[in-house]
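Here are the chains, one letter per residue:
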Amino acid sequence: MYNLLAPLAEDGGIFNLFRYLTFRTGAAILFSLFLTLLIGPMVIRVLKRLQREGQPIRDDGPQSHLVTKKGTPTMGGLMFLISAAITTLLWADLTNGFVWIVLLVTIGYGMIGFGDDFLKLTKRNTKGLPGRFKLIAQGLIGLIAAYCAMLLTPAPLSTGLAVPFLKEVLVPLGWFFIPFAAFVMVGASNAVNLTDGLDGLAIVPVMIAAACFSLIAYLVGNSVFAEYLQLHFVPRTGELAVFCGALCGAGLGFLWFNAPPAMVFMGDTGSLSMGGALGAISVITKHELVLAIIGGLFVLETVSVVVQVVSFKTTGRRVFMMAPLHHHFEKKGWAEPTIVIRFWIIAAVLALIGLATLKLR
């Protein structure tokens, strides 16, 4: 839509609105929200028809899941993956290479997740694609995206790592930037995947992070704001604010169907794609380390799994009653809505701390 009406915007009048990034970001939020609400019921009906027994539930997981979540279809991430992609194509400037890089990662990781979900359903188990295959596929997409981002970013930012709080510091990574950036995308993708274990638990922190990076992309892509806040100015990254807006709107629409008790689960189709998108945006805007703060909830969930595995293999003891962390609190007797809302609060606080690094000198 933006690309079709952009020539008319040059003549002024009402079409002049399409020249403003803030207007298009707001429009992307609303358009993506209503599109998700529109296609959601149809997607759920199709998924229920194809998945008569719903998503396979882990036998070693919380016993309550065997009752409350049995029969709920998965792959619901398709609805906001489709919605966010269509909205971005309509409202973003498609001559901007960064937009295509983020779409590549989002759709690519979404297809990996789709394959994983599909195998889980057809084989009626919780294994899906082999973990090694998933990591290799994610890594290849991440390497391609990182290389393309490096080509589009001016030196020395193209291979530099910005450090929060230390505004003038830019660590030169050279060619090591490419595997580092790929690691950020793969790590973010799988961290969101680990967090997606309760109704509504993952989608709200994803929306919070997307809203934060919408602001970061806008500021970093604007030379005036970047200079005032002493941020590294990365030309043309502001357009990613539109994609982040589409992500927020699609997430809100999905939450309508995923709120407890969930009518549909996002599955790996949604969690891998959304996490990968956040990782790609953080790499392009040069805020990879800030993502670890803003997405701190995802980091906590991932660390809980790592600690559990290392502790059990080295000492034979478990640190948590069950990992990831949200299952530990389920085992302790916390109600699911209590865990979800408290984790949302933690995600919001960590996001505010992450945004504070933009101003601190």
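Please read these numbers as outputs of a predicted model, since none were measured by experiment.

**Q** What am I meant to see in the overall build of the chain here?
**A** Scanning the chain from N- to C-terminus turns up 15 helices and 2 strands. Within the span of the chain, comprising 361 residues, buried residues form 55% of the whole. Long-range pairs, those at least 24 residues apart, make up 76% of the contacts in the chain with a sequence separation of at least 6. Carbon and sulfur atoms form 71% of the exposed surface of the chain, whose accessible area is close to 16100 Å².

**Q** So what exactly am I meant to see when it comes to helix α6 (residues 131-152) here?
**A** Count 3.6 residues to each turn of an α-helix, and residues three or four apart come out pointing the same way. With 22 residues, α6 extends 32 Å from end C-alpha to end C-alpha; this agrees with the ideal 32 Å at 1.5 Å per step. Along α6, the residues that are buried comprise K134, A137, Q138, G139, I141, G142, A145, A146, A149 and M150. Buried positions along α6 lie against α5 (97-123), α7 (177-195) and α11 (267-284).

**Q** Whenever I open this one, the environment of S223 confuses me. Can you help?
**A** Looking at the secondary structure, you find S223 in helix α9 (residues 223-228). A C-alpha to C-alpha distance of 8.2 Å links S223 and V234, two positions 11 residues apart in sequence.

**Q** Mind showing me how you'd approach the pairing of strand β1 (residues 160-163) here?
**A** Relative to strand β2 (residues 166-172), β1 runs antiparallel, the two being bridged by 4 bridges. The residue of β2 that forms the bridge with V163 is L166. Connecting β1 to the antiparallel partner β2 that follows it, the hairpin turn spans 2 residues, and F165 within it adopts a positive phi of roughly 75 degrees.

**Q** Quick question: what am I supposed to make of the environment of Y228 here?
**A** Relative to the helices and strands, Y228 resides in helix α9. A relative accessible area of 52% places Y228 in the exposed class. It is 9.1 Å that separates the C-alpha atoms of Y228 and K359, two residues lying 131 residues apart in sequence.

**Q** Just checking my understanding: could you explain unusual backbone geometry for this structure?
**A** Peptide bonds are mostly trans, and most non-glycine residues show a negative phi. With an omega of 0 degrees, the peptide bond between A155 and P156 qualifies as cis. With respect to the helices and strands, P156 occurs in the loop between α6 and β1. Backbone torsion omega between A323 and P324 reads 0 degrees, so that peptide bond is classified as cis. One can find P324 in the loop between α13 (296-315) and α14 (325-331). Not every positive phi belongs to a glycine, and Q230 is a case in point at roughly 55 degrees.

**Q** Just checking my understanding: could you explain the nonpolar core for this structure?
**A** Within soluble globular proteins, side chains that are nonpolar generally end up buried alongside one another. By size, the foremost hydrophobic cluster in this structure holds 91 residues, and its most contacted members are M79, Y109, M185, L240, L278 and I294. Tallying contributions element by element places helix α8 (residues 203-220) first for this core, with 12 residues. Residue contacts for Y109: discarding those within four places in its chain leaves Q138, I141, G142, M185, V186, S189, L272, S273 and G276.

**Q** When you look at the side chain of Q308 in this model, what are you seeing that I'm missing?
**A** Within the secondary structure, Q308 sits in helix α13. One polar contact links the side chain of Q308 to the main-chain amide nitrogen of V319, over a distance of 3.0 Å. The contact partners of Q308, leaving out residues within four places of it in the chain, are R318, V319, F320, M321, M322 and A323.

**Q** When you look at a nonpolar patch on the surface in this model, what are you seeing that I'm missing?
**A** Side chains of Y147, L151, L152 and W175 sit close together on the surface and give an oily, nonpolar patch of about 480 Å² of accessible area. Mapping L151 onto the fold places it in helix α6. For L151, a relative accessible area of 56% puts it in the exposed group.

**Q** What's the story with the pattern of salt bridges in this structure? I'm lost.
**A** Inspection of the entire model under this criterion finds 6 salt bridges. Of the charged contacts in the structure, one is a salt bridge between D268 and K134, with a shortest N-O distance of 3.7 Å. With a gap of 134 residues between them, D268 in helix α11 and K134 in helix α6 connect regions that are remote in the sequence. Taken individually, D268 and K134 each receive the classification buried, so the pair is uniform in this respect. The network of salt bridges with shared partners includes D116, K120, K134 and D268.

Rules used throughout
Residues numbered from 1 in each chain as written. Predicted model: local features only at pLDDT ≥ 70, side-chain atom pairs only at ≥ 80, totals over all residues. Heavy atoms only, no water. Helix = DSSP H or I, 4+ residues; strand = E, 2+ residues; numbered from the N terminus. Buried < 20%, exposed > 50% of the residue type's maximum accessible area, 1.4 Å probe, protein only. Contact = heavy atoms within 4.5 Å. Areas by Shrake-Rupley, 256 points an atom, 1.4 Å probe, with all protein chains shown as cover. Expected span 1.5 Å × (residues − 1). Pairing = 2+ DSSP bridges. Core = buried A, V, L, I, M, F, W, Y, C linked by side-chain atoms within 4.5 Å. Polar contact = N/O pair within 3.5 Å; in protein donor to acceptor, adjacent residues only side chain to side chain. Patch = residues over 30% accessible without salt bridge, like charges linked within 9 Å, V, L, I, M, F, W, Y side chains within 5 Å. Salt bridge = Lys/Arg side-chain N within 4 Å of Asp/Glu carboxyl O.

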